[in-house]
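Working through the structure, step by step
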Amino acid sequence: MQHLSRERKPKVVAMEDNNISLNLKAVVDKTNNRVVFVESDDRFFDLLFSFFTIPLGTTVRLTRNRPPATSIGCMNNLYNSVEILDKRYFRTEPCKTMLLYPRNGANAQCRNLKLKIDDSAPLKYFICEMSGCYHNLLSHYRNAICECGGVMTLERNLKEKRTTGWIFDDQDGGVFVKGPVLLTISDELRVMPSSNSARISLFSKLGIKDTSTIEETTFSMEVLEALKLLKCLLVSKTPLTEALLEQYDSALSLNIVEAFEQLSFRNVKTEEVAANNEDGKIQVKLMVSKSKNMVCYAEANEKFVDLLFSFLTVPLGFIAKEMQEGSSKACITHLYDSIQDLDARQCLVSRENTVVQDFLGPAMFTITDDLIITPLSSVAGLSAVRELKVPFSDIEERIVYVGKEEASRLLVASFVSGSALTNTFLVQHSKQGS
């Protein structure tokens, strides 16, 4: 029996001046209304792999008003905290811009994508306005402060050097994937060469015995559909089904606690973290509910908040790498596994532009468990306690110290969990051997 075939195009409006679309051929399980797999060419997979180059701050900005109505861990709160924080707390005005509009380290390569989703402004270069400055520094942000103390306001037109070794030439085609090529991707984002054996294997895995329950469907993907796919990739167990069929079923959504627990971090007790007070670590005061074993809120200086805000500049590929080195089975790690043999791998996970900077001036802050950050205030702390319905007699103050290992756990917890502080410092339950 032949597959049933129909044309289905989501009713969306493309971004202004960008009506380019990509064609996706999908096989849909009619019985369960789910996508079995999608087949497309290198242009779609270039787009898909380019997601790994996008900083988390840009990801939040592009997807926060897109379906499904789910936040990306604590990242939405983190981004919103930067937005509403008074500019007086930042060392310079460009520091806030750096966090709200972080630069993509693969910007030059992503400009070659057939379908572009990042609406960030083109890169500009500024040098110090002081005539006697000898530091020869460049900034992508106007009014950044040079090491000499001058303001970087003079724009310079520079030609970007073409990166070789992982971007393919015009004859080959492709940006991250050598084209032309036809590939297949499953609903859980496992990429494989298009072949009958791969399709039959997917049918068998899903219990599909013949063609009577499946149909072929063609989708046209434009910018808004691509943004929806990016959002679903981060929050769903079945991102293709949710993005293409608009099946936003909470039962199919990523269990963030389960996702965090699947990571192979060792179980660290709070006393152990507190005892490990090495030079260079950041001190954080936790206000903990003893009965619930959860962090109500924390108090810390600008160094800790600088660390949290810097997460917005980290590319998605770096997060995927951290999760892949653990034991997470989230869809993002399946997609990351698919690029392991690509020449582009090092670019997609690069963190060269994400060194923790001094974004903020000296100040103290209140940080809730879900990373809502405000200037230190007793009112903010009391509000967090009231919302959690925790009696004062149940609150205990604990001091922890944040170094490289704790920062790595906190980064991943912020991405997959709505309780970043609790999951980082109190309840890291490894599922080793499971």
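Summary of the structure given here.

So, how was this worked out
- Residues numbered from 1 in each chain as written.
- Predicted model: local features only at pLDDT ≥ 70, side-chain atom pairs only at ≥ 80, totals over all residues.
- Heavy atoms only, no water.
- Helix = DSSP H or I, 4+ residues; strand = E, 2+ residues; numbered from the N terminus.
- Buried < 20%, exposed > 50% of the residue type's maximum accessible area, 1.4 Å probe, protein only.
- Lys, Arg positive; Asp, Glu negative; His and termini not counted.
- Salt bridge = Lys/Arg side-chain N within 4 Å of Asp/Glu carboxyl O.
- Polar contact = N/O pair within 3.5 Å; in protein donor to acceptor, adjacent residues only side chain to side chain.
- Contact = heavy atoms within 4.5 Å.
- Phe/Tyr/Trp six-rings, centres within 6.5 Å; stacked < 30°, edge-to-face > 60°.
- Lys NZ or Arg CZ within 6 Å of the ring centre and 35° of its normal.
- Core = buried A, V, L, I, M, F, W, Y, C linked by side-chain atoms within 4.5 Å.
- Axes fitted to C-alpha atoms, helices over the stretch in contact; angles between N-to-C directions.
- Parallel < 35°, antiparallel > 145°, perpendicular 65-115°, else oblique.
- Left-handed = near helix turned anticlockwise from the far one by under 90°.
- Nonpolar A, V, L, I, M, F, W, Y, C, P; charged D, E, K, R; others polar.

With that settled, consider the side chain of Asp46. Its place among the elements puts Asp46 in helix α1 (residues 42-50). In this structure, Asp46 is buried with no salt-bridge partner, the nearest side chain bearing the opposite charge being Arg43 at 7.9 Å. A distance of 2.7 Å separates the side chain of Asp46 from the backbone nitrogen of Phe176, its partner in a polar contact. Those residues in contact with Asp46 that sit more than four places away from it in its chain are Leu113, Gly174, Val175, Phe176 and Val177.

Quick look at unusual backbone geometry now. Note the cis peptide between Pro67 and Pro68, where omega equals -5°. Position of Pro68 relative to the elements: it lies in the loop between α2 (56-63) and α3 (75-84). In this structure, Leu189 takes a positive phi of about 70° despite not being glycine. Mapped onto the fold, Leu189 is located in the loop between β7 (182-186) and β8 (191-193). One non-glycine residue with positive phi stands out, namely Leu371, at about 65°. Relative to the helices and strands, Leu371 resides in the loop between β12 (364-368) and β13 (373-375).

Most of α1 is tucked away: eight of the nine residues are buried. Those residues of α1 not exposed but buried are Asp42, Phe44, Phe45, Asp46, Leu47, Leu48, Phe49 and Ser50.

Bringing the packing of aromatic side chains into the picture now. All chains considered together, the criterion is met by five aromatic pairs. Judged by centre distance (6.0 Å) and plane angle (80°), the ring pair of Phe52 and Tyr336 falls under edge-to-face. Here the residue Phe52 occupies a position in the loop between α1 and α2, and Tyr336 occupies one in helix α13 (residues 331-337), the gap between them amounting to 284 residues. Looking at Phe52, the relative accessible area reads 1%, which means it is buried. Through a chain of ring-to-ring contacts, the aromatic side chains of Phe44, Phe45 and Phe49 assemble into a single cluster. Positioned over the ring face of Tyr141 is Arg103, at 4.9 Å from the centre of the ring.

A few words on the nonpolar core. The biggest cluster of nonpolar side chains holds 103 residues, and the ones touching the most others in it are Phe51, Phe304, Leu316, Ile367 and Phe415. Ranked by residue count, the leading element in this core is helix α7 (residues 223-235), at 10 residues. Discounting residues that sit within four places of it in the chain, Phe304 has contacts with Ile282, Val284, Ile367, Val402, Leu410 and Leu421.

Look at α3 against helix α4 (residues 93-100): their axes get within 10 Å of each other, and the N-to-C directions meet at 155°. The angle between α3 and α4 places the two elements in the roughly antiparallel class. In the packing of α3 onto α4, the handedness of the crossing is left-handed. Only Lys96, Leu99 and Leu100 of α4 make contact with α3, whose side of the interface consists of Tyr79, Val82 and Glu83. The residue makeup of the contact of α3 with α4, split by class, is four nonpolar, no polar and two charged.

Shape descriptors only; they carry no functional weight alone.
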